[in-house]
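Coordinate inspection notes
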Amino acid sequence: MTTDHVWRQIEQLLATATHRAVLIAPFIKKEVFRAALSAVPASVQDIMCVTRWSVPEVAAGVSDPEIAELAEQDGRTSVLLCHNLHAKLFAADGRCLVGSANLTGKATGRVRAANIELLVEVDAAHPEVQRVLAELAAGSVPGTLELAQQMREQANLMLADEDSPRVVVPGQDEQPARWLPETRNPERLYRVYNGHHQHIGSDVLAGVLRDLAHLDIGPGLAEQAFGTAVLARLHTMPELQALSEAGRMNLAEAQAQLMATEGCTSEQGKRTVETIAAWLSYFDEVHLVPVGPWEIRQGRELT
């Protein structure tokens, strides 16, 4: 068996398409994507690709958002993005391959030191295949050229930042790195997430990008949905447990907790708590109560 066995499976399947081809993989590299499109007969005018893009993964080189350019040049192909995608599925009309292989050189065996991968054929009408397709249809956003360019630009900025977090691939057994909000101006987050970072200094921008990388929010969200996702991530922080459970958080106690668990100084703890308070004030309905030790309380302030 040759090392490109998986690629030959995909290529031979796509060559049988008469109406529609489907390419679903979290990681897709440009050259393999080009080869896959070439394998689909010219008479097929409907090619759907579902993948995922995240800035850390693009920076790590596991995904190429430039596949959006190839899709536009091809004219038959739509690219969709699903941030929690892990399935690998390739279909031609009613035939389907499912398994472990991404559309990368190592996964398909098109380069040396290939991965050990598996693809098996199932009927596209299989209930589990249909379930995955339905979930993807409901939970994906368009992978536009503009979004692809934003992802590449932010990935390049991350690569230039020596303090940027390493790539985190969903599904790994490791716990994600401990994260505390860094940027003091949370209103900058959505602007940078949306590709607008003009007039933001390089050091400040690097901090915003680190926050976005740790937040790990899928691309293409409207501002309200983005804010909801940020808030959900904030409420996973141990420091916010009291706010979630009792509707109030004592800032002095949160500062002491940070000093004990993170080994930070009093000034560092104070600054971090102030930053958390700024994020909560921006993304949630909370208010500050300057009675005794300062507190953040859930809900709007009564006037």
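Higher on the page you've got the structure.
What comes next concerns the included structure. None of the values given here were measured: they were computed from a predicted structure.

This brings us to the packing of aromatic side chains. Counted according to the given criterion, the structure contains six aromatic pairs. Ring geometry for tryptophan 279 and phenylalanine 283: centres 6.1 Å apart, planes at 55°, overall tilted. Taken as a pair, tryptophan 279 and phenylalanine 283 lie in helix H13 (residues 266-283) at a separation of four residues, close to a single helical turn. Here tryptophan 279 matches phenylalanine 283 in class, with each residue buried.

Time to look at empty space enclosed by the protein. Following the criterion strictly, the structure yields one cavity of 30 Å³ or more and no others. In this structure, the largest cavity occupies an estimated 180 Å³ of space. Lining the largest cavity are 16 residues, and of these Val55, Gln154, Tyr193, Leu212 and Ile217 sit closest to its centre. Elements that contribute at least two residues to the lining of the largest cavity include exactly helix H3 (55-60), helix H7 (145-159) and helix H9 (202-215). Classifying every residue of the lining of the largest cavity by side-chain character gives eleven nonpolar, four polar and one charged.

Tracing the sequence through the fold places threonine 228 in helix H10 (residues 223-234). Among the residues examined, threonine 228 registers a relative accessible area of 52% and is labelled exposed.

This part takes up the nonpolar core. With 44 residues, the main nonpolar core has Ile10, Leu14, Leu23, Phe33, Trp53 and Phe90 as its most contacted residues. Residue contributions to this core peak at six residues, all from helix H2 (residues 30-39). Excluding residues that lie within four positions of it along the chain, isoleucine 10 makes contacts with Phe90, Leu97, Leu103, Thr108 and Leu119. Counting 30 residues, the second-largest nonpolar core is a separate cluster that includes Tyr190, Val192, Ile217 and Leu280.

Bringing the pattern of salt bridges into the picture now. In this structure the tally under the stated criterion is 16 salt bridges. Note that aspartate 161 is salt-bridged to arginine 210, the shortest N-O span being 2.6 Å. Taken together, the residues aspartate 161 in the loop between H7 and helix H8 (187-193) and arginine 210 in helix H9 connect sequence positions 49 residues apart. Looking at arginine 210, the relative accessible area reads 13%, which means it is buried. Several salt bridges converge on common partners, so that one network encompasses Lys29, Asp64, Glu66 and Arg152.

Calculation rules
Residues numbered from 1 in each chain as written. Predicted model: local features only at pLDDT ≥ 70, side-chain atom pairs only at ≥ 80, totals over all residues. Heavy atoms only, no water. Phe/Tyr/Trp six-rings, centres within 6.5 Å; stacked < 30°, edge-to-face > 60°. Helix = DSSP H or I, 4+ residues; strand = E, 2+ residues; numbered from the N terminus. Buried < 20%, exposed > 50% of the residue type's maximum accessible area, 1.4 Å probe, protein only. 1 Å grid on protein atoms, 1.4 Å probe; cavity = no way out; pocket = protein on both sides within 12 Å on 5 of 7 lines; lining within 4 Å. Points joined across faces, edges and corners; volume = space filled by probe spheres on them. Nonpolar A, V, L, I, M, F, W, Y, C, P; charged D, E, K, R; others polar. Core = buried A, V, L, I, M, F, W, Y, C linked by side-chain atoms within 4.5 Å. Contact = heavy atoms within 4.5 Å. Salt bridge = Lys/Arg side-chain N within 4 Å of Asp/Glu carboxyl O.

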